[in-house]
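Reading the structure
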Amino acid sequence: MGLLVDVRGLRYRYPDGTEALRGVDFQLEAGETVILLGGNGSGKTTFTLHLNGLLRGEGEITICGQRLSPGTVGAIRRKVGLVFQDADEQLFMPTVLEDAAYGLRNLGYTEAEARKLAAAALERTGIAHCADRAPYHLSGGEKRRAAIAGILAMEPEILVLDEPTTSLDPPGRRELIDLLTGLAQAKVIITHDDRLARALGTRAVFFNKGRISATGGVDELLDRFNWRE
């Protein structure tokens with residue numbers, strides 16, 4: 001086991017004056033899946049957007065031994081793969097394969113290399129048959145897998161997922177849980193879905209008003225806060 005994420009005293013205030021984070025300390029070890037619980041507006045998404053530098057607040061963030069700074073943010077974004085709640089925010093190329101290859105091309109891979117790695121990621125997520133389809137023709141579950149494939153193609157060490165089961169039907173939810181279970185990366189997952197939390201989480205933290213107010217086992221926190229979908 002090794003420490004992959006170390007956050008100390010993270011604070012963030014939005015331009016309108018809203019204090020979203022009020023001194024968050026958080027650690028993620030290799031092999032862990034940490035579930036982030038808490039109500040809307042409690043700071044969960046704001047927190048995760050700091051993990052690869054999309055937001056920059058006060059405090060210290062160290063990812064895989066590197067302190068997050070303007071000089072390291074590019075390297076850290078390769079370590080932390082962020083999957084947004086709305087898959088449509090990540091799928092914008094003409095085909096699924098092109099979408100999965102997009103990040104690799106930006107990193108300087110040749111077109112052939114990018115397409116090869118992207119195709120492997122689509123195979124891994126079970127949607128290789130959708131490679132030549134337009135993303136807007138996909139089902140909700142297929143869109144989620146396509147978004148994850150684009151992140152996996154970059155070979156991150158950490159996956160951060162925001163409400164990954166949103167809009168999925170029960171079969172799609174089960175398929176996504178099976179997919180995530182088989183991925184070796186450490187994970188940080190925001191979810192209101194207690195079934196996903198119990199299936200994947202190794203521990204949980206509870207956000208309240210910009211702070212982590214509790215940490216413990218997944219079942220313990222779900223029961224303590226009566227957290228049910």
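Presented here is a report on the structure given in the accompanying data block. (Residues numbered from 1 in each chain as written. Predicted model: local features only at pLDDT ≥ 70, side-chain atom pairs only at ≥ 80, totals over all residues. Heavy atoms only, no water.)

Our focus in this paragraph is the overall build of the protein. Within the protein, the regular secondary structure consists of 8 helices and 10 strands. The C-alpha atoms of the protein give a radius of gyration of 17 Å, which matches the 17 Å a tight globule of 229 residues would have. Viewed in the frame of its principal axes, the protein has a C-alpha envelope of about 45 × 40 × 40 Å. Scored against the burial criterion, the 229 residues of the protein give a buried share of 51%. Sequence separation of 24 or more characterises 63% of the internal contacts of the protein that already satisfy a separation of 6 or more. Accessible surface for the protein amounts to roughly 10600 Å². Of this, 48% is attributable to carbon and sulfur atoms. The average position of the 28 basic charges and that of the 31 acidic charges among the side chains of the protein differ by 3 Å. (Helix = DSSP H or I, 4+ residues; strand = E, 2+ residues; numbered from the N terminus. Rg over C-alpha atoms; globule rule 2.2 N^0.38 Å. Buried < 20%, exposed > 50% of the residue type's maximum accessible area, 1.4 Å probe, protein only. Contact = heavy atoms within 4.5 Å. Areas by Shrake-Rupley, 256 points an atom, 1.4 Å probe, with all protein chains shown as cover. Lys, Arg positive; Asp, Glu negative; His and termini not counted. Charge placed at Lys NZ, Arg CZ, Asp CG, Glu CD.)

What follows deals with the layout of surface pockets. Empty space within the largest pocket amounts to approximately 650 Å³. As for the largest pocket, its lining consists of 25 residues, and the residues nearest its centre are Gln-90, Tyr-102, Gly-103, Ile-151 and Met-154. Elements that contribute at least two residues to the lining of the largest pocket include exactly α2 (73–79), β6 (80–83), α3 (96–106) and α5 (140–152). By residue number, the principal contributor to the lining of the largest pocket is α3, which donates 5 residues. Classifying every residue of the lining of the largest pocket gives 14 nonpolar, 7 polar and 4 charged. (1 Å grid on protein atoms, 1.4 Å probe; cavity = no way out; pocket = protein on both sides within 12 Å on 5 of 7 lines; lining within 4 Å. Points joined across faces, edges and corners; volume = space filled by probe spheres on them. Nonpolar A, V, L, I, M, F, W, Y, C, P; charged D, E, K, R; others polar.)

Within the secondary structure layout, Ser-42 lies in the loop between β3 (33–37) and α1 (44–50). With relative accessibility at 5%, the residue Ser-42 sits in the buried group. A distance of 3.5 Å separates a polar atom in the side chain of Ser-42 from a polar atom in the side chain of Lys-44. Beyond its immediate chain neighbours, meaning those up to four positions away, Ser-42 contacts Ala-20, Phe-207, Asn-208, Lys-209, Gly-210 and Arg-211. (Polar contact = N/O pair within 3.5 Å; in protein donor to acceptor, adjacent residues only side chain to side chain.)

Attention now goes to the sheet that holds strand β10 (residues 211–216). Spatially, 6 strands are ordered β6-β7-β8-β3-β9-β10 in an open sheet, and the strand pairing comes out mixed. At either margin of the open sheet sits one strand with a lone partner, and together these are β6 and β10. The sheet shows a mean angle of 20° between the axes of neighbouring strands, taken without regard to direction. Bridge count for β6 against strand β7 (residues 158–162) is 4 bridges, and the pairing is parallel. Across the sheet, Val-80 pairs through a bridge with Ile-158, a residue of β7. Contacts from α5 reach β6 and β7 within the one sheet, and its direction differs from that of β6 by about 165°. (Pairing = 2+ DSSP bridges. Axes fitted to C-alpha atoms, helices over the stretch in contact; angles between N-to-C directions.)

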